[in-house]
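Chain and residue survey
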Amino acid sequence: ETGVTQSPTHLIKTRGQQVTLRCSSQSGHNTVSWYQQALGQGPQFIFQYYREEENGRGNFPPRFSGLQFPNYSSELNVNALELDDSALYLCASSAVGARKTQYFGPGTRLLVL
Amino acid sequence: RKEVEQDPGPFNVPEGATVAFNCTYSNSASQSFFWYRQDCRKEPKLLMSVYSSGNEDGRFTAQLNRASQYISLLIRDSKLSDSATYLCVVNKGERGGADGLTFGKGTHLIIQP
């Protein structure tokens, strides 16, 4: 196992609600990245946090936001949920740098009704 | 053109056979390359990094052709347990890797007894 944990494992929300997903990174890793994986697709990069700041972002609207804490754990917040937000949300931890391997947690499966 | 393109398959292969799949990437400045394996409803797990010189890990061989922007994975003596989706992954390396990993849609492999 990678040592990356995520909670909750599953979540059901209704359109318009807000959701917070949590991730604990692997020991020794200071960088956390979040991905969204829709059914039948590869994961899509949402954003990355390093030293408690967002240092990279994919093509996702501002209603997707996050936090990183001093212990390197992280949260993903999604406001004003839409049906298309239904997906597997994956957190990955790594050391900083382009060549550093990212290790994924088991994901949170979100269903928006 | 998609950033990372893979044949989605499925590839149906008899146990013991050799199977190969490829992917292409569009950004010639990409710095690091990986194959991840994803089992149904699970998180992606690193199978192997891919280097220009080619690399082998047991039954698995990965190759990178930077001139053609092409990555391959060869599986020899395939096992039933190799059945999974194989994700081709590129790190563009921009801004020290802060732009995250770019995934293909994945190639679905089914090993048949």
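Conventions adopted
Residues numbered from 1 in each chain as written. Chains lettered and ligands numbered in written order. Predicted model: local features only at pLDDT ≥ 70, side-chain atom pairs only at ≥ 80, totals over all residues. Heavy atoms only, no water. pLDDT = per-residue confidence, 0-100. Helix = DSSP H or I, 4+ residues; strand = E, 2+ residues; numbered from the N terminus. Disulfide = S-S within 2.5 Å. Buried < 20%, exposed > 50% of the residue type's maximum accessible area, 1.4 Å probe, protein only. Pairing = 2+ DSSP bridges. Patch = residues over 30% accessible without salt bridge, like charges linked within 9 Å, V, L, I, M, F, W, Y side chains within 5 Å. Areas by Shrake-Rupley, 256 points an atom, 1.4 Å probe, with all protein chains shown as cover. Salt bridge = Lys/Arg side-chain N within 4 Å of Asp/Glu carboxyl O. Polar contact = N/O pair within 3.5 Å; in protein donor to acceptor, adjacent residues only side chain to side chain. Contact = heavy atoms within 4.5 Å.

This part covers the confidence of the model for chain A. When pLDDT is averaged along chain A, the result is 93; 96% of the residues meet or exceed 70. Taken element by element, the predicted model of chain A shows its lowest mean pLDDT in strand β6 (residues 53–57) of chain A (91) and its highest in strand β11 (residues 108–112) of chain A (98).

This part covers the state of the cysteines. All names here are of chain A. Under the counting rule described, the total for this entry stands at two disulfides over all chains. The disulfide partner of C23 is C91, and the gap between their sulfur atoms is 1.7 Å. With the S-S dihedral at roughly -45°, the linkage between C23 and C91 falls on the left-handed side. With C23 in strand β3 (residues 19–24) and C91 in strand β9 (residues 87–94), the pair connects residues that are 68 residues apart, well separated along the chain. Here the two residues C23 and C91 agree in accessibility, since each one is buried.

We now examine the pairing of strand β5 (residues 44–50) of chain B. All names here are of chain B. Here six bridges tie strand β4 (residues 32–38) to β5, and the two strands are oriented antiparallel to one another. Note on β5: the bridge partner recorded for R37 is K45. Count of turn residues in the β4/β5 antiparallel hairpin: five residues, of which R41 carries a positive phi of about 65°.

Together, I12, L111 and L113 of chain A give the surface a local cluster of nonpolar side chains, amounting to about 300 Å² of exposed area. Tracing the chain through its elements places I12 of chain A in strand β2 (residues 10–13).

Residues and elements named next belong to chain A. With respect to the element layout, S93 can be found in strand β9. There is a polar contact of 2.8 Å between the side chain of S93 and the side chain of H29. If near-sequence neighbours (up to four positions away) are discounted, S93 is found in contact with V4, S25, Q26, H29, T31, T101, Q102 and Y103.

With that settled, consider the pattern of salt bridges. Residue and element names in this part refer to chain A. Counted under the stated rule, the structure contains eight salt bridges over all chains. Between R57 and E54 there is a salt bridge, with its nearest N and O atoms 3.0 Å apart. Members of the salt-bridge network, linked through shared partners, are R63, E82 and D85.

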